[in-house]
Amino acid sequence: MSDHQYVTLPALDVRDWRGWLCKVCLRMPLESVPPWSWFGCAYCRNVDAWAARAFGGRRLLPLGQHSIMNGGSIPLSMPEGPGRRAKARGLMAIGEGWRQLSEWREMEAARLVDELRGRIGDLPDSVPVDQWQEWFPPGLPASADAFARLVKQQRPGLAEIDPRVVDVDWLARN
Ligand SMILES: [Zn+2]
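Residues numbered from 1 in each chain as written. Predicted model: local features only at pLDDT ≥ 70, side-chain atom pairs only at ≥ 80, totals over all residues.

So what about the overall build of the chain? Which residues, and what values?
Scanning the chain from terminus to terminus reveals 6 helices and 4 strands. Each helix and strand of the chain, placed in order from N terminus to C terminus, yields the pattern β-β-β-α-α-β-α-α-α-α. Taken against the 2.2 N^0.38 rule, which gives 16 Å for 174 residues, the C-alpha radius of gyration of the chain at 17 Å falls within 12% of a compact globule. Dimensions of the chain along its principal axes, counting C-alpha atoms only, are 60 × 35 × 25 Å. Counting contacts in the chain only where the partners sit at least 6 residues apart, residues at least 24 apart contribute 54% of the total. (Helix = DSSP H or I, 4+ residues; strand = E, 2+ residues; numbered from the N terminus. Rg over C-alpha atoms; globule rule 2.2 N^0.38 Å. Contact = placed C-beta atoms within 7 Å.)

Now the structure itself:
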């Protein structure tokens, strides 16, 4: 799949493809398959699920396009009441989570592109995904590192409750 895929610079889009790089680590191409697209790669989803367990949840970041993928669906049979309202608030939080995720994506993309400029100087218009991954290898360590910085920046409250969610070694241990 990645043989013919190119990452554009400095935007970090995947050229001529219905998909994107993981919006957390920006290292893995993910295909758009609405409504079941993932915004996070398998490594980032592992790290997120591992961290979410510390809070008794399935997921901390809204890494799935469909609310069911984030553990946030409202069963149609659920009666009106506080439970349903709490779930609706959860869904609104997912919207806010997506906004934060795109903010994070832009910042992390800029950081990686800056780092690359420091390493190779002038940037080409695009590079094969394999080359991009050679420069920035995907994997648990990279995902744990990105996740920890994202939480520190956007959800410092979580780290106050449980500091392990910003501990890269702990996050990469799952
Ligand atoms: Zn990722």
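Can you tell me about the environment of D13, naming the residues and giving the values?
In this structure, D13 sits in the loop between β1 (6–8) and β2 (19–21). The spacing of D13 and A109 is 96 residues in sequence and 9.9 Å in space, taken between C-alpha atoms. Setting aside anything within four residues of it in sequence, one finds D13 in contact with T8 and W20.

Lay out the environment of R58 with the relevant residues and their values.
For R58, the position within the fold is in the loop between α1 (42–53) and α2 (82–120). As for R58 and D48, which are separated by 10 residues in sequence, their C-alpha atoms are 8.4 Å apart.

Can you lay out the nonpolar core for me, pointing to particular residues and giving the numbers?
Counting residues in each nonpolar core, the largest one holds 36 residues, and the members touching the most others are C22, C25, C44, V47, F147 and L171. Elements supplying a minimum of two residues to this core: β1, α1, α2, α3 (129–135) and α4 (140–154). The dominant element in this core, judged by the number of residues it contributes, is α4, at 7 residues. Excluding residues within four positions of it along the chain, L171 makes contact with V47, W50, A51, A144, F147 and A148. (Core = buried A, V, L, I, M, F, W, Y, C linked by C-beta atoms within 7 Å. Buried ≥ 20, exposed ≤ 12 C-beta atoms within 10 Å, placed from the backbone.)

If you had to explain α1 to someone new, which residues and values would you point to?
Between the first and last C-alpha of α1 there are 16 Å, a value that for 12 residues agrees with the 16 Å anticipated at 1.5 Å per step. Looking only at α1, the buried set comprises Y43, C44, R45, V47, D48, W50 and A51. Where α1 is buried, its residues meet α4 and α6 (168–171). (Expected span 1.5 Å × (residues − 1).)

I'd like to hear about α4, residue by residue, with values.
Its 15 residues place the ends of α4 20 Å apart at the C-alpha level, agreeing with the 21 Å of an ideal helix rising 1.5 Å per residue. Residues of α4 that are buried: A142, S143, A144, A146, F147, A148, L150 and V151.

Provide a residue-level description of unusual backbone geometry, including the pertinent values.
Across the junction of L9 and P10, the peptide omega takes the value 0°, indicating a cis bond. Relative to the elements of secondary structure, P10 occurs in the loop between β1 and β2. Along the chain, P34 connects to P35 via a cis peptide bond; the corresponding omega equals 0°. Structurally, P35 can be placed in the loop between β3 (29–31) and α1. Backbone geometry places L12, a non-glycine residue, at a positive phi of 60°. The residue L12 is located in the loop between β1 and β2 in this model. Here L12 falls in the buried class, since 20 other C-beta atoms lie within 10 Å of it. We note that D16 has phi near 50°; this positive angle belongs to a residue other than glycine.

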